[in-house]
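# Descriptive analysis of the structure
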Amino acid sequence: MPLPFFFVENVAANSLVLDEETSKHIIQVLRKKNGEAILLTDGKGTKATAVIKNDNRKKCEVTIQSREKEEAKKLAVSIAISLVKNTSRFEWFLEKATEIGVAEIIPVICERTESEKFRHDRLNGILISAMLQSQQCWLPILHQPTPFKDVIKTKSENKYIAHCVEGEKTSLPVERSKKISSAPQSSSIILIGPEGDFTEKEIEEALAKGFVPVTLGATRLRTETAGLVAAVLLCNQ
């Protein structure tokens, strides 16, 4: 059976005292005792094997036995997606995008964005849970809501925009250049619009910044579904 997996912000020290919530889960829920092993990650690629030294249910103390570094994916995928009215749908997207392996999530404020409700602590907690559930060591970076005009200033090598306006579009995944593919790590970003789509002005501004218009399929998708489809297509390149 796999060892239980937990998140800590720093695994550099040889001895750690875990926070009360994590301690309670390990000692009261899982009934772990002194001498038993668990796994820890800092969400930055490090996975550590630790042994319980003090099975206190409020301040569980562990000793690090070993560490290993998991390499980041060669292609770092950023999903820049409009917030939506239904918060639970956005939370669902965050969970699934994390499981798939997205590196960065940027909530975008567009002209037609209808909701700006955003609780970073709660949403980041959803990302942490999804990372641990999927046995990963890289936690996606979750940005604060960012205006559209600032998002399109990105320096990513591969820039895409998915919109519903008629016109010539490329299908994902798009073949990347040999120059980009040979780099140690490259980046892709895709813009996903609100429930009413991007405005024509926003589309024009993105295209002027080098974004390539892409299609995500033959059907019209909800914002969160479009974000998920884009994550699958880009993360599996």
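Residues numbered from 1 in each chain as written. Predicted model: local features only at pLDDT ≥ 70, side-chain atom pairs only at ≥ 80, totals over all residues. Heavy atoms only, no water.

In this section: the pairing of strand 13 (residues 212-215). As a general feature of sheets, a regular strand has side chains that alternate between the two faces. Both strand 10 (residues 158-162) and strand 13 contribute to a ladder of three bridges, which runs parallel. By the bridge assignment, Tyr160 is partnered in strand 13 with Val212. With two bridges joining them, strand 11 (residues 170-171) and strand 13 adopt parallel strand pairing. Bridge pairing in strand 13 links Ser171 to Thr215. (Pairing = 2+ DSSP bridges. Helix = DSSP H or I, 4+ residues; strand = E, 2+ residues; numbered from the N terminus.)

This brings us to the pairing of strand 4 (residues 46-54). Strand direction decides the pairing type here: strand 3 (residues 37-41) and strand 4, joined by five bridges, are antiparallel. Opposite Leu39, over in strand 4, you have Thr49 as the bridge partner. Connecting strand 3 to the next strand, strand 4, in antiparallel fashion are four residues, including Gly43 with a positive phi near 75 degrees. Examined bridge by bridge, strand 4 and strand 5 (residues 61-69) share eight bridges and lie antiparallel to one another. In the sheet register, Ala50 faces strand 5, and the bridge partner there is Ile64. The antiparallel pairing of strand 4 with strand 5 creates a hairpin that spans six residues between the two strands.

Take a negative patch on the surface next. A cluster of acidic residues, Glu111, Glu200, Glu204 and Glu205, forms a negative patch on the protein surface. With respect to the helices and strands, Glu200 occurs in helix 6 (residues 200-208). Of the residues examined, Glu200 reaches a relative accessible area of 58% and is grouped as exposed. (Patch = residues over 30% accessible without salt bridge, like charges linked within 9 Å, V, L, I, M, F, W, Y side chains within 5 Å. Areas by Shrake-Rupley, 256 points an atom, 1.4 Å probe, with all protein chains shown as cover. Salt bridge = Lys/Arg side-chain N within 4 Å of Asp/Glu carboxyl O. Lys, Arg positive; Asp, Glu negative; His and termini not counted. Charge placed at Lys NZ, Arg CZ, Asp CG, Glu CD. Buried < 20%, exposed > 50% of the residue type's maximum accessible area, 1.4 Å probe, protein only.)

Right, let's talk about the side chain of Lys32 for a bit. Within the fold, Lys32 resides in the loop between helix 1 (20-29) and strand 3. Not counting the four nearest positions on each side in its chain, Lys32 is found in contact with Pro4, Ile26, Ile27, Ile52 and Asp55. (Contact = heavy atoms within 4.5 Å.)

Moving on: the pattern of salt bridges. Tallied over the full model, the rule gives nine salt bridges. With a shortest N-O distance of 3.2 Å, Lys53 and Glu61 are connected by a salt bridge. The exposure class assigned to Lys53 is partly exposed, which follows from its relative accessible area of 44%. The exposure class of Glu61 is partly exposed, given its relative accessible area of 21%. When the shortest N-O distance is used, the salt bridge between Lys153 and Asp150 registers 3.6 Å. For Asp150, a relative accessible area of 31% gives the class partly exposed. Taken together, the shared-partner salt bridges connect Glu95, Lys96 and Glu99 into one network.

One finds Ile79, Ile105, Ile190 and Ile192 to be the most contacted residues of the largest nonpolar core, which totals 38 residues. Every element with two or more residues in this core is listed here: strand 1 (5-7), strand 6 (75-82), helix 2 (87-100), helix 3 (120-133), strand 10, strand 12 (186-192) and helix 7 (223-235). For this core, the element with the most residues is helix 3, which contributes six residues. Once residues within four sequence positions are removed from consideration, Ile192 is found in contact with Ile79, Ala80, Ile81, Ser82, Ala162, Phe198, Leu216, Thr223, Ala226, Gly227 and Ala230. Membership of the second largest hydrophobic core comes to 15 residues, among which are Phe6, Val11, Ile38 and Ile52. (Core = buried A, V, L, I, M, F, W, Y, C linked by side-chain atoms within 4.5 Å.)

A few words now on the sheet that holds strand 2 (residues 15-17). Within the open sheet, the five strands sit side by side as 1-3-4-5-2. Their pairing is mixed. Bordering the open sheet on either side are strand 1 and strand 2, each of which pairs with just one other strand. Along the sheet, successive strands turn relative to each other by an average axial angle of 40 degrees, direction set aside. By the bridge criterion, three bridges tie strand 2 to strand 5 in an arrangement that is antiparallel. (Axes fitted to C-alpha atoms, helices over the stretch in contact; angles between N-to-C directions.)

Take Ala231: it is sitting in helix 7. On the basis of relative accessible area, Ala231 is assigned to the buried category, the value being 0%. Separated by 67 residues in sequence, Ala231 and Cys164 have C-alpha atoms that sit 18 Å apart.

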